Amino acid sequence: MSHTENIDYKNEVKYLGVILDKRLRYSEHVGYARNKALARFIHLYRLIRSPYLKIPLKVRLYTSVIRPVMTYGCEVWNSAHQKTT
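What you see is a predicted model; the values in this text were computed from it and never measured.

(A) Structural context of helix H2 (residues 55–71). Its maximal kink placed at Thr63, H2 deviates by approximately 35°. Turning to H2, its buried residues are Leu61, Ile66 and Val69. Tucked into the core, H2 has its buried residues touching helix H1 (27–49). Following H2 by one or two positions, Gly73 has its phi on the positive side, about 75°.

Dropping the structure here:
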């Protein structure tokens with residue numbers, strides 16, 4: 001009993017949270033990460049701009065909420081040539 005199924009071709013795929021395209025340019029992933037980090041920044045904007053919140057707490061917010069989004073998978077996409085991103 002053989003069962004064949006067609007697999008759809010896609011120009012890009014998200015694998016383990018990193019968007020890969022057929023040429024491994026990572027420009028889609030970098031744009032996705034930038035937009036996601038910006039959305040988190042917008043949600044935290046009032047706290048970050050608050051004069052009542054100490055700078056170490058602002059830094060902690062950045063390093064725990066925003067930076068991980070921007071650096072996720074950097075071991076993979078960081079090796080991409082600058083012209084490809």
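Additional details are given in the paragraphs that follow.
(B) Layout of the packing of aromatic side chains. On inspection of all chains with the given rule, the structure shows one aromatic pair. Seen from their ring centres, Phe41 and Tyr45 are 5.7 Å apart, and the 75° between their planes marks the pair as edge-to-face. Taken together, the positions of Phe41 and Tyr45, both in helix H1 and four residues apart, correspond to about one turn of that helix. On the basis of relative accessible area, Phe41 is assigned to the partly exposed category, the value being 30%.

(C) Main features of the pairing of strand E1 (residues 12–15). Bridging between E1 and strand E2 (residues 18–21) involves four bridges; their strand directions are antiparallel. For Val13, the partnering residue across the bridge sits in E2 and is Leu20. Taking the residues that link successive antiparallel strands as the turn, the E1-E2 hairpin has two residues, and the phi of Leu16 there is positive, at about 55°.

(D) Fine view of a nonpolar patch on the surface. There is a patch of nonpolar side chains on the surface, built from Leu38, Phe41, Ile42 and Tyr45 and spanning about 380 Å² of accessible area. Note that Leu38 resides in helix H1. On the basis of relative accessible area, Leu38 is assigned to the partly exposed category, the value being 45%.

(E) Structural view of H1. Of all bends in H1, the biggest is about 50°, found at His43. Among the residues of H1, those classed as buried are His29, Gly31, Ala33, Ala37 and Leu44. Elements in contact with the buried residues of H1: E2, H2 and helix H3 (74–77).

Parameters and conventions
Residues numbered from 1 in each chain as written. Predicted model: local features only at pLDDT ≥ 70, side-chain atom pairs only at ≥ 80, totals over all residues. Heavy atoms only, no water. Bend = angle between axes of the 7 residues up to and from the residue. Helix = DSSP H or I, 4+ residues; strand = E, 2+ residues; numbered from the N terminus. Buried < 20%, exposed > 50% of the residue type's maximum accessible area, 1.4 Å probe, protein only. Contact = heavy atoms within 4.5 Å. Phe/Tyr/Trp six-rings, centres within 6.5 Å; stacked < 30°, edge-to-face > 60°. Pairing = 2+ DSSP bridges. Patch = residues over 30% accessible without salt bridge, like charges linked within 9 Å, V, L, I, M, F, W, Y side chains within 5 Å. Areas by Shrake-Rupley, 256 points an atom, 1.4 Å probe, with all protein chains shown as cover. Salt bridge = Lys/Arg side-chain N within 4 Å of Asp/Glu carboxyl O.

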